Protein chains: 2
Amino acid sequence: MQMLDASAADFAENFDRVVNARRESADNVSRDVADILSRIRARGDEALADLTMKLDGHHFSSDEDWRVPAWRCERAYEELDGELRDALDLAAARIRSYHEAQKPGPRDYTDDIGMRLGHRWTPVDAAGVYVPGGRAAYPSSLLMNAIPARVAGVERLVAVTPTPKGEMNPLVLAAAHIAGIDEIWRVGGAQAIGALAYGTQRIAPVDVITGPGNAWVAEAKRQVFGTVGIDMIAGPSEILVIADDKNDPAWIAADLLSQAEHDPSSQSILITDSADFAAQVEDQVDVQAAMLATGKTARAAWDAHGAIITVASLDDAIPLANRLAAEHVELAVDDPEALFAKLRHAGSVFLGRMVPEAVGDYVAGPNHVLPTGRRARFASGLSVLDFMKRTSFIEAGPDALAAVGPAAIALAEAEGLPAHAQSIRLRLK
Amino acid sequence: MQMLDASAADFAENFDRVVNARRESADNVSRDVADILSRIRARGDEALADLTMKLDGHHFSSDEDWRVPAWRCERAYEELDGELRDALDLAAARIRSYHEAQKPGPRDYTDDIGMRLGHRWTPVDAAGVYVPGGRAAYPSSLLMNAIPARVAGVERLVAVTPTPKGEMNPLVLAAAHIAGIDEIWRVGGAQAIGALAYGTQRIAPVDVITGPGNAWVAEAKRQVFGTVGIDMIAGPSEILVIADDKNDPAWIAADLLSQAEHDPSSQSILITDSADFAAQVEDQVDVQAAMLATGKTARAAWDAHGAIITVASLDDAIPLANRLAAEHVELAVDDPEALFAKLRHAGSVFLGRMVPEAVGDYVAGPNHVLPTGRRARFASGLSVLDFMKRTSFIEAGPDALAAVGPAAIALAEAEGLPAHAQSIRLRLK
């Protein structure tokens, strides 16, 4: 963990180092991924079976080895502990409700020259959600990816998930039941992304692929981008907490650790206007980390990427926050609105002292798939828009055409496109 | 050109071939591009100067060789022929007006448990627009890329354009003046995309890069995606015209040729319910192509990729149109609304007989940067949204936290994330 003082002479340099630290895997996997994708394209299911045997130790003999039947998901849901089932149901209902209100509306208007203009939004036909196996197999993540697709009106919703040595995660199956996934295929890695993008004999292709994954999955998504739509490339999670000294240091320490426990590459940063408070939070992080089952990961992330920055005034935190463009920003201060008004770049903001980031991970409603690694400068969290597209339209009668047609002809001719000009000229006669 | 009859026994197979025809360059440029990008990253301006000398034959000696001064754009605008200047001004005003109305609004509401939820949209800080040199140096394209960025509220708007052997296009400079571009750098290709994404000594990095380009530019955009935001990967232009026999065959032929003249890889398809009309349009394409200055390109595109499909009823055109998911769709029929209601996938739709696609290219207002190559299945035209991002927010008091906190704790524990649970539990005490 780095302790930085914004008034120090070398602060700018040290802060730059925090902003530009490379926390993402720089594995050069692009050739391996290109090879896997071309194998899937050429040989479909055969290549998928070979790669799944080799990489996941899972062999396809029966249909059920390929695809999880719906009754298994339903049974997993029914067999869940009651409290957990209610929690998943509550999460799903709140996610659904937030995203329902997010559906974009059409536009349709006639302008001053009598030209009718507008747009219409429609869902994609089919979407695929990647669900990692192993450590990051989170049911909440399946809900956050699948529910917006369903709300958008996607007809065919497919999940792919690796089942190493055949092992399935019952929580993920239960979440698939709640989200109403239509097909779950037991494949993972770049090969699963290839199957979704290009289709195989068994798996029909989809139009959009979302969901988290390792470096191979991320690179495969990048390589199939353009054949299908994808969500943002995701990196390790991060949190920025801006807090004054009226907070309980234990609460803030827990918030910092809640990101740190995700992955050794996660980043947790506190900016505060009190050096005393900074020291208390630092102590609390040590105390709590020692007691956590995930302490080793949290400790590694905090030691390598954590930072506590003291500033003279909380207003000074804002330019730093805008540079960091963090995935999650907590404003644990008396007047969070005043700081929020000046914050330009953040994935999601938690206003006040009573909303730890973890509430947003599960049950608040807004999507927890958010831009990481400074990408909040240009990217947004996952939404129904990722599963929809906009078609613009134009309608004109002879008067509207007469009003703008000559200008279009002049431009077409200047650009050396005479057939463009001719298509208008013929109609103006 | 292929003439297909939807009632023929081999139609499905032949139509599949039209849908799946590869019209995009399959040049394997990814390694060349990766090399260029890494050179820009490592050596900045020095690499940019070397590559620009080598690839564009343009040498940087003075500052003006690097960057076009604003007065040159203003002068290019003033020296334009009056009719053309008015046409560009009209186009810009209409594009601005359409995109102004496209700006998304915030959401801010308190739900049934007293939790405040919502989102806010903010512009990116800086955007870069790629403007091709040579044949595709279209001022209209500069307006269509730059104006939505300006409307979104982007503070710094940068254009890059190659000036082979030092030659600049005055129409593009005039358009840059109208659009209010802040910086124009005389660089192109993958090296210009690298400079925009990573920054060099002279060129500060941007957050989003849009604009058309060749295979190198497209691949460079794909490779920097994630470091910056990009618009959709663009391929050759295409048009689908659905027309009955009440149209003038000359008008429809001109519309088909207006896409064909862009590039030998462009695609123009007519679907009609009249074999007679189909034959008349075919004749008219031949007659008009012979008279066009762009006839050679148009002819090549039409011969290689053009198609006329006859269907028993115009309703039968809709499933075909949805398969094609074309960039531009003209509905030249009595009741275009009825067909439009059933059309699921299209970039932009032109309703009725009086709006040739070329009107949309220049002066209608909606963006002419649209998804090509069946990408309207999942992608939208360029809009102000491409230059903005959404930040979600959550605010809760003790009651709202008490209502959902226990469910979040249950989920966090089930996912093996105890610090997440702890951050909520501490606040519930």
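What you are looking at is a predicted structure, and each value in this text was computed from that prediction instead of being measured.

1. Structural notes on the relation of the copies chain B and chain A
For the pair chain B and chain A, the best superposition has an RMSD of 0.0 Å and corresponds to a rotation of 180° with a translation of 0.0 Å parallel to the axis. Look at the turn and shift together and you get a two-fold axis relating the two. Taking C-alpha positions as the reference, the residue of chain B nearest the rotation axis is Arg222 of chain B, at 3.7 Å. In this assembly, 100% of the residues forming the interface of chain B have copies in chain A that are likewise at the interface, indicating an isologous arrangement.

2. Quick word on the sheet that holds strand E3 (residues 116–123) of chain A
What holds strands together in a sheet is hydrogen bonding between their backbones, with the strands either parallel or antiparallel. On the basis of which strands lie adjacent, the open sheet formed by nine strands has the order E2(A)-E3(A)-E14(A)-E13(B)-E12(B)-E9(B)-E10(B)-E11(B)-E1(B) and mixed pairing. Bordering the open sheet on either side are strand E2 (107–110) of chain A together with strand E1 (2–5) of chain B, each of which pairs with just one other strand. Shown here is a sheet whose adjacent strand axes are inclined to one another by a mean of 15°, direction ignored. Examined bridge by bridge, strand E10 (residues 267–272) of chain B and strand E11 (residues 307–310) of chain B share four bridges and lie parallel to one another. The residue of E11 of chain B that forms the bridge with Ile269 of chain B is Ala307 of chain B. On the sheet, helix H11 (residues 249–260) of chain B packs against strand E9 (238–243), E10 and strand E12 (328–332) of chain B and is oriented at approximately 165° with respect to E9 of chain B.

3. With respect to the domain arrangement of chain A
One widely used convention gives an interface's size as the accessible area the parts lose upon coming together. Taken as a whole, chain A is organised into domain 1 (2–24 + 235–364), domain 2 (30–230) and domain 3 (396–428). Between domain 1 of chain A and domain 3 of chain A, the C-alpha centre-to-centre distance is 57 Å.

4. Description of the interface of chain B and chain A
In this complex, chain B contributes 129 residues to the contact, which on the side of chain A involves 129 residues. With both sides pooled, the region where chain B packs onto chain A buries about 10400 Å², and carbon together with sulfur makes up 58% of that total. Where chain B meets chain A, there are eleven salt bridges. One salt bridge connects Arg344 of chain A with Asp125 of chain B, and the closest N-O pair in it is separated by 2.6 Å. A total of nine residues in the side of chain B that touches chain A trace back to one element, the largest contributor, which is helix H17 (residues 398–414) of chain B. When its residues are assigned to classes, the side of chain B that touches chain A shows 71 nonpolar, 28 polar and 30 charged. As paired strands, strand E13 (residues 348–351) of chain A and strand E14 (residues 388–395) of chain B are joined by four bridges and run parallel to one another. Note that in E14 of chain B the partner of Leu351 of chain A across the bridge is Glu395 of chain B.

5. With respect to helix H13 (residues 295–305) of chain B
Residue and element names in this part refer to chain B. Among the residues making up H13, those that are buried are Gly295, Thr297, Ala298, Ala301, Trp302 and His305. Projected down its long axis, H13 carries its buried residues within an arc of 165°, all on one side. Opposite its buried face, H13 presents the exposed residues Lys296 and Ala304, each directed more than 90 degrees away. Its buried side turned inward, H13 meets H11, E10, helix H12 (275–291) and E11.

6. A look at the sheet that holds strand E10 (residues 267–272) of chain A
Within the open sheet, the nine strands sit side by side as E1(A)-E11(A)-E10(A)-E9(A)-E12(A)-E13(A)-E14(B)-E3(B)-E2(B). Their pairing is mixed. Each end of this open sheet is capped by a strand with a single partner; those strands are strand E1 (2–5) of chain A together with strand E2 (107–110) of chain B. Averaged over all adjacent pairs, the angle separating strand axes in this sheet is 15°, with direction ignored. Bridge count between strand E3 (residues 116–123) of chain B and E14 of chain B: eight bridges; the pairing is antiparallel. Within E14 of chain B, the position partnered with Trp121 of chain B by the bridge is Arg390 of chain B. Here helix H1 (residues 11–20) of chain A sits on the sheet and contacts E1, E10 and strand E11 (307–310) of chain A; the angle it forms with E1 of chain A, its principal contact strand, is near 140°.

7. Some details on the pattern of salt bridges
When the charged atoms of two side chains lie near each other, side chains of opposite charge can form a pair. What the rule picks out here adds up to 53 salt bridges over all chains. Glu337 of chain B is the salt-bridge partner of Arg116 of chain A, the closest N and O atoms lying 2.8 Å from each other. Of the two residues, Arg116 of chain A is situated in strand E3 and Glu337 of chain B in helix H15 (residues 336–342); the pairing between them involves two chains.

8. Some details on the pairing of strand E13 (residues 348–351) of chain B
All names here are of chain B. Burial along E13 is two-sided: Ser348 and Phe350 and Val349 and Leu351, pointing in opposite directions, are all buried. As defined by bridge partners, E12 adjoins E13 across four bridges and the pair is classed as parallel. For Leu331, the partnering residue across the bridge sits in E13 and is Leu351. In terms of handedness, the path from E12 via H15 over to E13 forms a crossover that is right-handed.

9. What about the nonpolar core?
Counting residues in hydrophobic clusters, the biggest one holds 219 residues, and the most contacted among them are Leu143 of chain A together with Leu143 of chain B. Residue contacts for Leu143 of chain A: discarding those within four places in its chain leaves Leu88, Ala91, Ala92, Ile95, Pro148, Ala175, Ile178 and Ala179 of chain A.

10. Some thoughts on helix H14 (residues 317–324) of chain B
Residues and elements named next belong to chain B. Where burial is concerned, most of H14 is hidden: six out of the eight residues are buried. Ala317, Ile318, Leu320, Ala321, Asn322 and Leu324 are the residues of H14 that are buried. The inward-facing, buried residues of H14 contact helix H1 (11–20), E9, E10, E11 and H15. Looking at the residues trailing H14, positive phi occurs at Ala325, about 45°.

11. Some details on the side chain of Arg186 of chain A
Residues and elements named next belong to chain A. One can find Arg186 in the loop between strand E6 (183–185) and helix H9 (189–198). Although Arg186 is buried, it makes no salt bridge; Asp65 carries the closest opposite charge, 4.3 Å away. At 3.0 Å, the side chain of Arg186 forms a polar contact with the backbone oxygen of Glu64. Of the polar contacts made by the side chain of Arg186, one reaches the side chain of Thr163; its length is 3.2 Å. Sequence-distant contacts of Arg186, defined by excluding residues within four places in its chain, comprise Thr52, His58, Phe60, Glu64, Asp65, Trp66, Arg67, Val68, Thr161, Thr163, Gly166 and Met168.

12. A word on unusual backbone geometry
All names here are of chain A. Unlike most non-glycine residues, Lys165 shows phi in positive territory, near 50°. By secondary structure assignment, the location of Lys165 is in the loop between strand E5 (156–160) and helix H8 (170–179). Although it is not a glycine, Arg374 adopts a positive phi angle of roughly 70°. For Arg374, the position within the fold is in the loop between helix H16 (357–362) and strand E14 (388–395).

13. Overview of the packing of helix H17 (residues 398–414) of chain A against helix H6 (residues 82–100) of chain B
Relative orientation of the contacting elements H17 of chain A and H6 of chain B amounts to 115°, with a least axis distance of 9 Å. Accordingly, the angle class assigned to the pair H17 of chain A and H6 of chain B is roughly perpendicular. Here the hand of the crossing between H17 of chain A and H6 of chain B comes out left-handed. Of the residues in H6 of chain B, those in contact with Val404, Ala407, Ala410, Leu411 and Ala414 of chain A of H17 of chain A are Glu83, Leu84, Ala87, Leu88, Leu90, Ala91 and Arg94 of chain B. Taken together, the residues of the contact of H17 of chain A with H6 of chain B break down into ten nonpolar, no polar and two charged.

14. Remarks on the environment of Asp361 of chain A
Here Asp361 of chain A lies in helix H16. For Asp361 of chain A and Ala91 of chain A, which are 270 residues apart along the polypeptide, the C-alpha to C-alpha distance reads 9.6 Å. Sequence-distant contacts of Asp361 of chain A, that is, excluding residues within four places in its chain, are made with Ser140, Met144, Gln259, His262, His328 and His368 of chain A together with His420 of chain B.

Scoring rules and cut-offs
- Residue positions within a chain follow its written sequence, with the count starting from 1.
- Labels follow written order: the first chain is A, the first ligand is 1, and so on.
- The predicted origin of the model limits local features to residues at a pLDDT of at least 70 and limits the giving and counting of side-chain atom pairs to 80 or more, whereas totals for whole chains, interfaces and linings rest on all residues.
- Side-chain metrics rest on all non-hydrogen atoms present in the structure, leaving aside hydrogens and water.
- Residues reaching a pLDDT of at least 70 in both copies supply the C-alpha atoms on which the copies are superposed by least squares.
- Here, residues are in contact when the closest pair of their heavy atoms is within 4.5 Å.
- DSSP calls a pair of strands paired once it identifies at least 2 bridges connecting them.
- Numbering of helices and strands starts at the N terminus; helices are DSSP runs of H or I of at least 4 residues and strands are runs of E of at least 2.
- Lines fitted to C-alpha atoms define the axes, with helix axes restricted to the stretch in contact, and inter-axis angles between N-to-C directions lie between 0 and 180 degrees.
- Residue ranges assigned to each domain were obtained from an automatic or database domain assignment.
- Defined here as a combined quantity, buried area equals the accessible surface (1.4 Å probe) lost by two parts on assembly, summed across both.
- Salt bridge criterion: a side-chain nitrogen from Lys or Arg within 4 Å of a carboxyl oxygen from Asp or Glu.
- Lys, Arg, Asp and Glu make up the charged group, whereas Ala, Val, Leu, Ile, Met, Phe, Trp, Tyr, Cys and Pro make up the nonpolar group; the residues left over, Gly among them, are polar.
- Each residue gets one of three labels from its accessible area relative to the maximum for its type: buried under 20%, exposed over 50%, partly exposed in between, using a 1.4 Å probe on protein chains only.
- Directions from the helix axis toward the C-beta atoms define the arc.
- With the strands aimed away from the viewer, a crossover counts as right-handed if its path from the first strand over the helix to the second runs clockwise.
- To define a nonpolar core, start from buried Ala, Val, Leu, Ile, Met, Phe, Trp, Tyr and Cys residues and group those joined through side-chain atoms within 4.5 Å.
- Positive residues here are Lys and Arg, negative ones are Asp and Glu, while His and the chain termini are left out of the count.
- For the purposes of these results, a polar contact is taken to be a pair of N or O atoms within 3.5 Å, where, inside protein, one atom must be able to donate a hydrogen and its partner to accept one; residues adjacent in sequence count only when each atom of the pair is a side-chain atom.
- For classification, angles of less than 35 degrees are called roughly parallel, those exceeding 145 degrees roughly antiparallel, those between 65 and 115 degrees roughly perpendicular, and all remaining angles oblique.
- In this scheme the crossing of two helices becomes right-handed for a clockwise turn of the near helix relative to the far one and left-handed for an anticlockwise turn of less than a right angle.

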